[in-house]
Each structure stands twice: as structure tokens, then as C-alpha cells.
Amino acid sequence: MRRILVVGGGYAGFYTAWRLEKKLRRGEAEVVVVDPRPYMTYQPFLPEVVAGSVEARHAAVSLRRNLRHTRVVAGMVTGISHADKTVTIHPADGPDYQLTYDVIAVTAGAVTRTFDVPGVADRAIGMKHVEEAVAIRDRLFTAFDEAAGLEPGPQRRKLLTVTFVGGGFSGVEGFAELLSLARALLKKYPELSEDDLAFHLVEATGRILPEVSDRPGEWVVKMLEKRGAVVHLNTSMQSADDGHVVLSDGTEFDSELIVWTAGNAATRLLRNHTDLPHNERGLVQVRADLRIGTESEVIPDAWAAGDDAAVPDLAAPTKGAYTVPNAQNAVRQGKLLAKNLLRSLRGREPKNYVHSSLGVIATLGLGNGIFQYKRIVIKGLPAWLMHRGYHVLAVPTWDRKMRVLAIWLVSLFYGRDIVSLASVQSPREAFASEAKARTLSASRPG
């Protein structure tokens, strides 16, 4: 039986495997998904996880529960040798090992792009995974608790200063949702006021939300500034040593929470550990039909889709453009990859990927959002309701749809949950401290 190996269980990988196992005939092929995480992250919900509007587990779709006829391997692919049709897998525990395949689908996704900025590696946190979104929320709650016990001054100000680097969709949505949460928290902390809060959004270019046109982008900036945020355009972060932020526009301040969302980059696997062709950015070179290769040369039995693939955008007005690395494209490419792979297995020609954008939509805090489709722009509450309606329909599986709807309905009547579980990141601390104290007490004479 032929083995189809899917590298990565994110959007494109999950939908590829999900569609394959529904359409494959009995005994036609075996599907194997390799991913270090046992779930697919529904990334559009991460800003709402940050704000406490969606439970963390509801933004994660279990691979093993939903890919019932697929073999799920917990590990990271650290090398691909397509010449030998072999991958090297680094498991969570134990030595590396090799796994052979007949057909490979590379859907490893992308990683957060970082720069060599002093202090960022030590202080900043990304916002690409559920764990990071939960940590951001809990750190804000912890900062409020600590700040409430302090007198006004530099330390209180630092605790309540939040900095986001990156003005793309994930950065702006996360920033706006966390700002909305922080302003709502002030009602529960009479010791604190709006003057204690400081939210900074840092963007290296002259505008935020590059997928929307200029005027809607300017409206978002003004809306954020009206809420008390500071938006630094044409500005980069120079350093963040020990939480002391220095920006290229000369601004300096102390910030307890720094969130880095400044774009995507290809994984190290694709840049350095594969014989598959890739472009100057490290992305796998893909044809319009999602086969790896160029117009003149096809790599047999090799496919790719999603954020790690340079897929020609046939719907773009300019020739030579590539599809935007977003959820819309990853989902649709995953579905088409499965169809094309089946067509290829059965001796038929694959079809090209052509997708015109359905528009862009963003949540900007509770009850606020923005939507744009060509020249149509919708702002405020209607756009926010559209955002929630679209994503509850788009999140895979009825299980997740119902759970998300339930938490939204509960929040409508009782508000967001503001309990911090920051200690979950070090679950043994309380137990270990008590055990150490008992040991010391028992060792003392008398």
C-alpha cells in the first residue's frame, strides 16, 4: 500500500489529510501526518483566546479525534531526502528515526519571523500558538494583580505597559483585543485608572493591516488611539533589554509584556534540511497545481501547500505574484491538494489553484471590527458580528462550533472570565516549595 506522508498538521495539513481519508478507497493508500503538536490551531481565534472570549481548547482541533483513519505521528520532521523518499523524525522522547514514504505533502507552515534585536529573545512572546495566547492573557491578569498592590510609580507603570511589534492582522487583532480586555479589567480594579495603562503598537512600515486599503487602515489607527493606544508607524524596535524598550523614533519606556508578531518566515527544515527546491525566502517552490517544481520541471510525488509554499497566485492582477499566507488560502489549498493528489494517483491531471479573496475581516475588541471586500467597507459592531459568524462557520467540526457558540452565549450574560492561571506554566512550584520547606524544617535541631 502506498504511503502518503503529510508534513505538518496545521490548516493545510489537516484539511489535506481530512479530505484524503474521506475520499481514498479501501487499500488505496495509507495517510500519515507528522506534527509535534497533537492538534490543529484555529489561528483566527487566538486574539479571542488572548481576550478570554474563546477558551484555549476550543481554538484547537484534535488530530487524533478527527483524523480517525490517519496515522498521527507525534514528532518534528527535521530532514527530508526526497531522493530516497525518506524523512528524519525527532520525537518528543527517544532518538531520531527515519520514515519512508511514496508521496509527500509538505504543509509545515511558517514560523514567526524574528530579528536580532537585543532583549527580544529573552523578553518577548509570539502569538502563533494556543499556549502563547493563553500566556499573554495570564500575564496581563498577573500584571493587574501585582500593579493593584503598588503605589503609583515606575514599577506600576511598567507592569501595565504592553507592547506589540507587528501591524499585520494577527498583531492588530491581538493588540486590539488585549486593549479591550485591559480597559474592561479596570472596572474590577478600583485602585487603577486608565492613566496607568500604556499600550504601544510598533510597525516598521507606514501603515497597519496591509490587506485593507489606506482609509480603513487609517480608521483603525484612529480608533486605537481614541482608546488610549499609541501607534508607532515607520518605527522599529531597537532593543528590549530587561523590558526597557527603545524605538527607532527615539521613544523609550519600560514594558512588562512584549508580544512579537512581525511576520512569518520559512522553517529551518525548508531552508536548510531538504533537497526539495525552494526560493530565496526559503519557501518550497510550487506550481499552480500544488506540485513541487517549476513550470518546466515537476518533482515527482512531491506536493506542498499553505504558508510554507510559494504558490503562484493566478487570481492576482500582476503576473508573478504568490498567494497570501492566510487561513483562506491554506484551507482551500489543503482541500485542493487532497483532490489533486487523488487525481494523480488515479491517472488524471491535477487542477490549478485559483482563488479570489472573499474579503478581509478583523476583530478589534469586543463589539468592534472591520470588514473589506473590494470597495465595500463595514466597520464597528456589524463587522464584529460578521467576524464571529464567519469564523464559527469556518472552524472545523461541529464539536468546536457548538463549544465556541456556548462560551459566547455565556459571556453575553456573565461577561468574560478574568481568572488568571499563570501558575499552570510552572505546575510543580507550589508542591516543590512546600516539600522543600518541610525538608528544611525537619532538618533543624529541636
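This structure is a prediction, so every number in the text was calculated from the model and none was measured. (Residues numbered from 1 in each chain as written. Predicted model: local features only at pLDDT ≥ 70, side-chain atom pairs only at ≥ 80, totals over all residues. Heavy atoms only, no water.)

### So, the pattern of salt bridges
Spelled out, the test is: Salt bridges are defined as contacts in which a side-chain nitrogen from Lys or Arg sits within 4 Å of a carboxyl oxygen from Asp or Glu. Only DSSP runs of H or I with at least four residues qualify as helices, and only runs of E with at least two residues qualify as strands; both kinds are numbered from the N terminus onward. Only protein chains enter the accessibility calculation, which uses a 1.4 Å probe; a residue whose area is less than 20% of its type maximum is buried, one above 50% is exposed, and one in between is partly exposed.
Considering all chains together, one arrives at 15 salt bridges under this definition. Its salt-bridge partner being Arg37, residue Glu131 comes within 3.4 Å of it at the nearest N-O pair. Highlighted residues: Glu131 in helix α5 (residues 130-148) and Arg37 in the loop between β2 (29-35) and β3 (39-41), separated in sequence by 94 residues. A relative accessible area of 40% means that Glu131 is categorised as partly exposed. For Arg37, a relative accessible area of 26% gives the class partly exposed. Ionic pairing is found between Asp399 and Arg403, a salt bridge with its closest N-O pair at 2.6 Å. On the criterion of helical spacing, the pair formed by Asp399 and Arg403 is a turn pair, its members being four residues apart in helix α12 (residues 398-414). A relative accessible area of 23% means that Asp399 is categorised as partly exposed. Residue class for Arg403 comes out partly exposed when judged on its relative accessible area of 38%. A single salt-bridge network, built from bridges that share partners, covers Arg65, Asp399, Arg400 and Arg403.

### Describing the packing of helix α1 (residues 11-23) against helix α10 (residues 327-345)
Our working definition: Interaxial angles span 0 to 180 degrees and are taken between N-to-C directions of axes, which are lines fitted to C-alpha atoms, for helices over the stretch in contact. Working rule for handedness: look at the near helix, and if it is turned counterclockwise from the far one by less than a right angle, call the crossing left-handed; if clockwise, right-handed. Contacts are assigned to residue pairs that have any heavy atoms within 4.5 Å of one another. Under the scheme applied, nonpolar residues are Ala, Val, Leu, Ile, Met, Phe, Trp, Tyr, Cys and Pro; charged residues are Asp, Glu, Lys and Arg; polar residues are all the others, including Gly.
Taken N-terminus to C-terminus, the directions of α1 and α10 make an angle of 35 degrees; their axes are 7 Å apart at the nearest point. Seen along the crossing, α1 lies across α10 with a hand that is right-handed. Here α1 contributes Tyr11, Ala12, Tyr15, Thr16, Arg19, Leu20 and Lys23 to the contact with α10, which in turn contributes Ala327, Ala330, Val331, Gly334, Lys335, Leu337, Ala338, Lys339 and Leu342. For the contact of α1 with α10, the class distribution of residues is 10 nonpolar, two polar and four charged.

### Structural notes on the domain arrangement of the chain
For clarity, the threshold we go by: Each domain's extent is set by a domain assignment, obtained either automatically or from a database. Summed over both partners, the accessible area (1.4 Å probe) lost when two parts come together is defined as the buried area. Definition of a polar contact: a pair of N or O atoms within 3.5 Å, with one able to donate and the other able to accept a hydrogen when the atoms are protein atoms, and with sequence-neighbouring residues admitted only if both atoms are side-chain atoms.
Assigned domains of the chain: these are domain 1 (2-112 + 264-346) and domain 2 (114-262). Once you take the C-alpha centre of each, domain 1 and domain 2 turn out to be 32 Å apart. In this complex, domain 1 contributes 20 residues to the contact, which on the side of domain 2 involves 18 residues. When domain 1 packs against domain 2, the two sides together hide about 1700 Å² of surface, and 60% of this comes from carbon and sulfur. Where domain 1 packs against domain 2, one counts one salt bridge. Our count for the domain 1 to domain 2 interface comes out at four residue pairs in polar contact (both at pLDDT 80 or more). Those elements that place two or more of their residues in the side of domain 1 that touches domain 2 are β3, α2 (46-51) and β9 (110-112). Among the elements that line the side of domain 1 that touches domain 2, the one with the most residues is α2, at six residues. Split by residue class, the side of domain 1 that touches domain 2 holds 13 nonpolar, five polar and two charged.

### Some points on the nonpolar core
Soluble, globular proteins show a tendency: their nonpolar side chains are buried together. Heads up, the rule is: Here, nonpolar core refers to any group of buried Ala, Val, Leu, Ile, Met, Phe, Trp, Tyr and Cys residues whose side-chain atoms link them within 4.5 Å.
Core analysis: the largest hydrophobic core is formed by 118 residues, its most contacted members being Phe144, Leu178 and Leu224. In terms of residue count, the dominant contributor to this core is α5 (11 residues). Each of domain 1 (2-112 + 264-346) and domain 2 (114-262) accounts for three or more of the residues forming this core. If we ignore the near neighbours within four places in the chain, the residues touching Leu224 are Phe175, Ala176, Leu179, Leu201, Ile208, Ala229 and Val231. Counting 12 residues, the second-largest nonpolar core is a separate cluster that includes Val117, Ala240, Leu247 and Trp260.

### Describing the side chain of Asn66
Considering the arrangement of structural elements, one finds Asn66 in helix α3 (residues 63-66). Within polar-contact distance, the side chain of Asn66 engages the backbone oxygen of Ser62 at 2.8 Å. Not counting the four nearest positions on each side in its chain, Asn66 is found in contact with Phe14, Trp18, Glu21, Val61 and Thr397.

### Considerations on the UniProt feature "domain: FAD/NAD(P)-binding" (unreviewed entry) in the chain
Put simply, the rule is: UniProt positions are given in the numbering used here, feature names are shortened, and annotations may be inferred rather than shown by experiment.
Mapped onto this numbering, the UniProt entry annotates "domain: FAD/NAD(P)-binding" (unreviewed entry) at residues 3-334. The straight-line gap between the two end C-alpha atoms of residues 3-334 is 18 Å; of that span, 29% is helix and 27% is strand.

### Things to note about a negative patch on the surface
Using the following cut-off: Distance thresholds for patches are 9 Å for like charges and 5 Å for nonpolar side chains (Val, Leu, Ile, Met, Phe, Trp, Tyr), applied to residues having over 30% relative accessible area and no salt bridge. Computed with a 1.4 Å probe, the accessible areas rest on the Shrake-Rupley method; for each residue, only the protein chains presented here act as cover. In this tally Asp and Glu are treated as negative and Lys and Arg as positive; neither His nor the chain ends contributes. Here the site of a charge means NZ on Lys, CZ on Arg, CG on Asp, or CD on Glu.
On the surface, Asp122, Asp241, Asp242 and Asp254 cluster together into a negatively charged patch. By the element assignment, Asp122 lies in helix α4 (residues 120-123).

### Points about the packing of helix α11 (residues 381-394) against α12
Keep this limit in mind: Each angle gets one of four labels, with under 35 degrees taken as roughly parallel, over 145 as roughly antiparallel, 65 to 115 as roughly perpendicular, and the rest as oblique.
It is the contact of α11 with α12, at a shortest axis distance of 8 Å, that shows an interaxial angle of 150 degrees. Here α11 lies roughly antiparallel to α12, going by the angle between them. Here the hand of the crossing between α11 and α12 comes out right-handed. Across from Arg388, Val392, Leu393 and Ala394 in α11, the residues of α12 making contact are Lys401, Val404, Leu405 and Trp408.

### What to know about a nonpolar patch on the surface
A cluster of nonpolar side chains, Leu409, Val410, Leu412, Phe413 and Tyr414, forms an exposed patch at the surface whose accessible area comes to about 660 Å². Along the chain, the position of Tyr414 falls in helix α12. Judged by relative accessible area, Tyr414 falls into the exposed class, the value being 72%.

### Quick notes on unusual backbone geometry
One non-glycine residue, Asn234, lies in the positive phi region at around 55 degrees. Given a relative accessible area of 57%, Asn234 falls into the exposed group. You will see that Leu290, though not glycine, has its phi angle at about 75 degrees, which is positive. Its place among the elements puts Leu290 in the loop between β18 (284-285) and β19 (291-293).

### Considerations on the sheet that holds strand β16 (residues 257-260)
Which entries qualify depends on this criterion: In this analysis, strands are considered paired if DSSP registers two or more bridges between them.
On the basis of which strands lie adjacent, the open sheet formed by four strands has the order β12-β11-β10-β16 and parallel pairing. Looking at strand neighbours, the two that pair on one side only are β12 (230-232) and β16, the edges of this open sheet. Averaged over all pairs of adjacent strands, the angle between strand axes in this sheet comes to 15 degrees, irrespective of strand direction.

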